[in-house]
Amino acid sequence: MQFDPFVLPFDIGLYFILLFVVARSVIWFRQLSRPDKLRLQRGFFGKAFGQSLKEIFLESLIHRKILKKNPRLGYMHMSLAFGWFLLILFGTIEADIFGESHLNPPSRAIFFRFFNPDHGRTLFESAYAFLMDLILAFILSGLVLAIIKRFSSRVVGMKKTTRLRMLDRVALTALWLIFPSRLIAESLTSGAYGTGSFLTGSLGSVLASFLPAKEAAYPFWWLYSLSLGTFFVLLPLTRYMHIPTELFLIFMRNSGIKTGDRAGTFSEVEVHSCSSCGMCIDQCQLNFSAGINTIQATYLMKAVR
Ligand code: SF4
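This write-up is about the structure you can find in this document. Quick caveat, the model's predicted, so the values are computed rather than measured. (Residues numbered from 1 in each chain as written. Predicted model: local features only at pLDDT ≥ 70, side-chain atom pairs only at ≥ 80, totals over all residues. Heavy atoms only, no water.)

Overview of a nonpolar patch on the surface
What counts is decided by this rule: Residues with no salt bridge and a relative accessible area higher than 30% make up the patches, which join like charges within 9 Å and nonpolar side chains (Val, Leu, Ile, Met, Phe, Trp, Tyr) within 5 Å. Shrake-Rupley sampling with a 1.4 Å probe provides the accessible areas, and residues are treated as covered by the protein chains on show and by no other component. By definition, a salt bridge exists where a carboxyl oxygen of Asp or Glu is found within 4 Å of a side-chain nitrogen of Lys or Arg. Think of it this way: any DSSP run of H or I at least four residues long counts as a helix, any run of E at least two long counts as a strand, and we number them from the N terminus.
The grouping of Phe85, Leu89, Ile93, Ile97 and Phe124 at the surface amounts to a nonpolar patch, some 440 Å² of accessible area in total. For the nonpolar patch, the element with the most residues is helix H5 (residues 71-98), which contributes four residues.

Next comes the structure, spelled out in structure tokens:
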């Protein structure tokens, strides 16, 4: 069994966002001036490439600067970004090593437990299942902080968070649902087959003690796929567009491209790289001296977008 219709929302969302990002990057590249195009090409094959990869790892995944300034907030961002990256990386390796074939489509890795419910019986398999559970627990710990932050930003050391548009809220809900639905789907499947590790295995055996685990798991696999698909489709229309744009910005900046005195590709990329994290609200003296918290950079970026 290597296909099930529930993977379709994920597949559609993933291929849509990949095509969108490639098309957007090509358009941005074509709109650059000739000297900036040459800078980017030289940067791509030179020292700037290594610098950019290092910066992406330290700032986009680890969130090193935020970690230094505000460890709780930094941990929250790191666990979601770096944790998700690890889940994709080790999930792909897992499907490659333990799946039926090598070089599987992304859905085979993302929904590995559904297609390989018996996985985890040998020592090596159970060690790998432990690692995957550990990464999922890491992400979930950051997700708990992110949810608490929405209701009480002081928990992560912030006084204010950005007010979100309706579409941003829908995307945020989809993002929040991704990891709990994965946890429940994997746990119920593991509970039905007696597999899983310290997180999915333990939760699964508890759930399977009073639920028909195999049947109950299926709607959660659908929810997991729908959450991923919705998030990917909404990504270009919401603040989450900063995820792919930020990478492009880092390559452009390290290649020597500057804002200049006219609006153009680089300023557009800069505007779309704002994550609406809201950290500029706390830093602004209009906020802490006069209580004005609706005109900071985050709202300017949102208005320009
Ligand atoms: S402008 Fe404000 S909201 Fe946007 S990334 Fe910078 S600190 Fe975060």
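A word on the environment of Thr189
The condition that has to hold: Relative accessibility decides the category of a residue: with a 1.4 Å probe and only protein chains considered, values under 20% of the type maximum give buried, values over 50% give exposed, and everything between is partly exposed. Between two residues, a contact is recorded if the distance between any of their heavy atoms is within 4.5 Å. Polar contact is defined as a pair of N or O atoms within 3.5 Å, subject to the rule that within protein one atom must be able to donate a hydrogen and the other to accept it, and that residues adjacent in sequence are counted only when both atoms are side-chain atoms.
Among the secondary structure elements, Thr189 is positioned in helix H9 (residues 166-193). Residue Thr189 is classed as buried on the basis of its relative accessible area of 7%. Along the sequence, Thr189 and Ala290 sit 101 residues apart, while their C-alpha atoms lie 54 Å from each other. Excluding its chain neighbours within four sequence positions, the residues that come into contact with Thr189 are Arg113, Pro117, Ala217 and Trp221. Within the local environment of Thr189, its side chain forms a polar contact with the side chain of Trp221, the two groups lying 3.0 Å apart.

Section: the nonpolar core
Using the following cut-off: The definition of a nonpolar core used throughout is a set of buried Ala, Val, Leu, Ile, Met, Phe, Trp, Tyr and Cys residues joined through side-chain atoms within 4.5 Å.
Core analysis: the largest hydrophobic core is formed by 61 residues, its most contacted members being Phe111, Ile178, Phe179, Trp221, Leu228 and Phe231. Mapped onto this core, the elements with two or more residues apiece are helix H1 (8-31), H5, helix H6 (106-110), helix H7 (112-115), helix H8 (123-151), H9 and helix H11 (213-234). Setting aside anything within four residues of it in sequence, one finds Phe179 in contact with Trp84, Leu87, Leu136, Ile139, Leu140 and Leu143.

Things to note about the side chain of Ser60
Structurally, Ser60 can be placed in helix H3 (residues 47-61). Overall, the relative accessible area of 12% leaves Ser60 in the buried class. Within the local environment of Ser60, its side chain forms a polar contact with the side chain of Glu246, the two groups lying 2.8 Å apart. In this structure, Ser60 is in contact with Glu55, Ala81, Glu246, Leu247 and Ile250, ignoring residues within four places of it in sequence.

Concerning the packing of H1 against helix H13 (residues 265-272)
Cut-off, in case you're wondering: Fitted lines through C-alpha atoms serve as axes, helices being fitted only where they are in contact, and the angles separating the N-to-C directions of these axes extend from 0 to 180 degrees. Residue type decides the class: Asp, Glu, Lys and Arg count as charged, Ala, Val, Leu, Ile, Met, Phe, Trp, Tyr, Cys and Pro as nonpolar, and the leftover types, Gly among them, as polar.
Running from N to C, H1 and H13 cross one another at 145°; their axes reach a closest spacing of 9 Å. For the pair H1 and H13, the contacting residues are Arg24, Trp28 and Gln31 in the first and Thr265, Glu268, Val269 and His272 in the second. Of the residues in the contact of H1 with H13, the class split is two nonpolar, three polar and two charged.

Looking at unusual backbone geometry
With a phi angle near 50°, Leu103 is a residue other than glycine that sits in the positive phi range. Mapping Leu103 onto the fold places it in the loop between H5 and H6. Phi at Ser276 is positive, roughly 60°, even though this residue is not glycine. Within the secondary structure, Ser276 sits in the loop between H13 and helix H14 (279-283). For Ser276, a relative accessible area of 3% puts it in the buried group.

Here's the deal with the pattern of salt bridges
In the structure shown here, the tally under the stated rule is seven salt bridges. The closest approach of N and O atoms between Arg39 and Asp36, which form a salt bridge, is 2.5 Å. Remark: Asp36 and Arg39 occur in helix H2 (residues 34-44); sequence separation between them is three residues, near one turn of the helix. We classify Arg39 as partly exposed; its relative accessible area is 32%. In this structure, Arg121 and Asp118 form a salt bridge, with 2.9 Å as the shortest nitrogen-oxygen distance. A relative accessible area of 52% places Arg121 in the exposed class.

Structural notes on the packing of H1 against H11
Short version of the rule: The scheme is simple: roughly parallel for angles under 35 degrees, roughly antiparallel for over 145, roughly perpendicular for 65 to 115, oblique for anything else. Put simply, a crossing is left-handed when the front helix is turned counterclockwise from the back one by less than a right angle, and right-handed when it is turned clockwise.
Two numbers describe how H1 lies on H11: the axes approach to 7 Å, and their chain directions differ by 20°. One way to sum up the angle between H1 and H11 is to call them roughly parallel. Handedness of the H1/H11 crossing: left-handed. Contact with H1, carried on its side by Leu8, Pro9, Phe10, Gly13, Leu14, Phe16 and Ile17, involves Trp222, Ser225, Leu226, Leu228, Gly229, Phe232 and Val233 of H11 and no other residues of that element. Classifying every residue of the contact of H1 with H11 gives eleven nonpolar, three polar and no charged.

Topic: the packing of aromatic side chains
Which entries qualify depends on this criterion: By convention, a stacked pair of Phe, Tyr or Trp rings (six-membered ring in the case of Trp) has centres within 6.5 Å and planes under 30 degrees apart, an edge-to-face pair has planes over 60 apart, and any other such pair is tilted.
Applying the stated criterion across every chain, the model contains 29 aromatic pairs. Measuring from ring centre to ring centre gives 5.1 Å for Phe130 and Phe198, while their planes differ by 50°; the resulting arrangement is tilted. You can see Phe130 sitting in helix H8 and its partner Phe198 sitting in the loop between H9 and helix H10 (200-208), a full 68 residues away along the chain. Phe198 sits in the partly exposed class, given a relative accessible area of 36%.

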